[in-house]
Amino acid sequence: GEDVEQSLFLSVREGDSSVINCTYTDSSSTYLYWYKQEPGAGLQLLTYIFSNMDMKQDQRLTVLLNKKDKHLSLRIADTQTGDSAIYFCAESPGGYQKVTFGTGTKLQVIP
Amino acid sequence: SQTIHQWPATLVQPVGSPLSLECTVEGTSNPNLYWYRQAAGRGLQLLFYSVGIGQISSEVPQNLSASRPQDRQFILSSKKLLLSDSGFYLCAWNGADYGYTFGSGTRLTVV
């Protein structure tokens, strides 16, 4: 079955860049997502990328996709304390298909 | 616009008591609906999903059940809660190509 893996924890200093990595196994993945979960809240869709794209940039966020290696990354530039959260990588074949989530990476931003 | 409502936000229940968590979606019809549980602020465990009224698929055998009495209503229930049912419960709906939209979650503590 589908599998999405992430490292569990990342710690960075405020103002530095954060890079959160993710690998997936399903070659039919069409959509790849990054969700953010702040403490005590539901998940919020941050950004997504289609599988025919290599990169997507949205303000401080840059998503890189290496389809050959099935590797997805999320780079947060100028990381702020408000970026502290759990970040989930996810993939889906698209349409109304189920989304498969990774285990989440907890990002700690040190002031 | 589409919105998803989930309640209550927090719940403390004794062992052996019943449970009913409700999720409703507005602004869409015939959504795919999901119940997830998240233990200790980490990974998401898919519990149930529904593609239509009365159609429930269970992903994990457990002490819980789900029902979909109306198109935009999804209910998570238990007849007798166990300590192990404690966790953060999230409802979500599938908005086609843009992944899931999540509710704000219910923190359940079984004492």
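In the block above lies the structure referred to throughout.
In short, a report on the structure. Keep in mind that what you see is a predicted model, and the values were worked out from it rather than measured. (Residues numbered from 1 in each chain as written. Chains lettered and ligands numbered in written order. Predicted model: local features only at pLDDT ≥ 70, side-chain atom pairs only at ≥ 80, totals over all residues. Heavy atoms only, no water.)

Concerning the overall build of chain B
Inclusion rule: Strands are runs of DSSP state E lasting at least two residues, helices are runs of H or I lasting at least four, and both sets are numbered from the N terminus onward. Radius of gyration means the value over C-alpha atoms here, while the globule rule gives 2.2 Å times the residue count to the 0.38 power. Relative accessibility under 20% of the residue-type maximum defines a buried residue, over 50% an exposed one, and the middle range a partly exposed one, all with a 1.4 Å probe and only protein chains included. Throughout, a residue-residue contact means that at least one pair of heavy atoms, one from each residue, lies within 4.5 Å. In this description, accessible areas are obtained by the Shrake-Rupley approach with a 1.4 Å probe, and a residue is regarded as covered only by the protein chains that are shown.
Across its full length, chain B carries 0 helices and 11 strands. For chain B, the α and β elements follow one another from N to C terminus as β-β-β-β-β-β-β-β-β-β-β. Since a compact globule built from 111 residues should have a radius of gyration of about 13 Å, the 13 Å found for chain B is in line with a globular shape. Taken along its principal axes, the extent of the C-alpha atoms in chain B is 40 × 25 × 20 Å. Out of the 111 residues belonging to chain B, those deemed buried represent 48%. Look at the contacts in chain B between residues 6 or more apart in sequence, and 53% of them connect residues 24 or more apart. As displayed, chain B has an accessible area near 5,000 Å², and 53% of this comes from carbon and sulfur atoms.

A short note on the overall build of chain A
Test applied: Just so you know, the count uses Lys and Arg for positive and Asp and Glu for negative, and it drops His and the chain ends. Charge coordinates come from a single atom per side chain, which is NZ of Lys, CZ of Arg, CG of Asp or CD of Glu.
A tally of helices and strands in chain A yields 0 helices and 11 strands. Secondary structure elements of chain A occur, N-terminal to C-terminal, as β-β-β-β-β-β-β-β-β-β-β. Relative to the 2.2 N^0.38 estimate, which gives 13 Å for 111 residues, the radius of gyration of chain A is 13 Å and therefore close to what a compact globule would have. Taking the principal axes of its C-alpha atoms as reference, chain A extends roughly 40 × 30 × 20 Å. A buried classification covers 44% of the 111 residues belonging to chain A. Here the contacts in chain A between residues at least 6 apart in sequence split such that 56% fall between residues at least 24 apart. Carbon together with sulfur atoms contributes 47% to the accessible area of chain A, which is approximately 5,500 Å² in total. Here chain A contributes 10 positively and 13 negatively charged side chains, and the mean placements of these two sets differ by 1 Å.

Re the state of the cysteines
Residues and elements named next belong to chain A. Quick reminder of the rule: We call a pair of cysteine sulfur atoms a disulfide whenever their separation is within 2.5 Å.
Tallying each qualifying case throughout the model produces 2 disulfides over all chains. Across the disulfide from Cys-22 sits Cys-89; the S-S distance is 2.0 Å. Taking the sign of the S-S torsion, about -65 degrees here, the bridge from Cys-22 to Cys-89 comes out left-handed. Within this pair, whereas Cys-22 is found in strand 3 (residues 18-24), its partner Cys-89 is found in strand 9 (residues 85-92), the two being separated by 67 residues in sequence. Given the relative accessible area of 1%, Cys-89 is considered buried.

Quick word on the sheet that holds strand 7 (residues 65-70) of chain B
All names here are of chain B. Rules: Following DSSP output, two strands are said to pair if at least two bridges run between them. Lines fitted to C-alpha atoms define the axes, with helix axes restricted to the stretch in contact, and inter-axis angles between N-to-C directions lie between 0 and 180 degrees.
Judged by pairing direction, the sheet is antiparallel, and its 4 strands sit side by side in the order 1-3-8-7 without closing on themselves. Edge strands, defined here as strands with exactly one partner in the open sheet, are strand 1 (3-7) and strand 7. When strand polarity is set aside, the average angle formed by the axes of neighbouring strands in this sheet is 20 degrees.

A closer look at the side chain of Gln-73 of chain B
Residues and elements named next belong to chain B. Tracing the chain through its elements places Gln-73 in strand 8 (residues 73-78). Residue class for Gln-73 comes out buried when judged on its relative accessible area of 12%. Excluding its chain neighbours within four sequence positions, the residues that come into contact with Gln-73 are Glu-22, Cys-23, Thr-24, Leu-33, Ser-67 and Arg-68.

Let's talk about the interface of chain A and chain B
For clarity, the cut-off: The working definition used for a salt bridge is a side-chain nitrogen of Lys or Arg within 4 Å of a carboxyl oxygen of Asp or Glu. Residue type decides the class: Asp, Glu, Lys and Arg count as charged, Ala, Val, Leu, Ile, Met, Phe, Trp, Tyr, Cys and Pro as nonpolar, and the leftover types, Gly among them, as polar.
Every contact between the two is made by 24 residues of chain A and, on the other side, 22 residues of chain B. The interface formed by chain A and chain B includes 1 salt bridge. Across the pair Lys-98 of chain A and Glu-59 of chain B runs a salt bridge, and its minimum N-O distance is 3.3 Å. Considering every element that reaches the side of chain A that touches chain B, the biggest residue donor is strand 4 (residues 31-37) of chain A, with 4 residues. Residues belonging to the side of chain A that touches chain B are distributed by class as follows: 13 nonpolar, 9 polar and 2 charged.

As for the pattern of salt bridges
Residue and element names in this part refer to chain A. Inspection of every chain in the model, using the stated rule, returns 6 salt bridges over all chains. For the salt bridge of Arg-60 with Asp-83, the shortest nitrogen-to-oxygen distance reads 2.9 Å. Of the two residues, Arg-60 is situated in the loop between strand 6 (55-58) and strand 7 (61-66) and Asp-83 in the loop between strand 8 (71-76) and strand 9; the sequence distance between them amounts to 23 residues.

Geometric descriptors of this kind do not, in isolation, establish any biological role.
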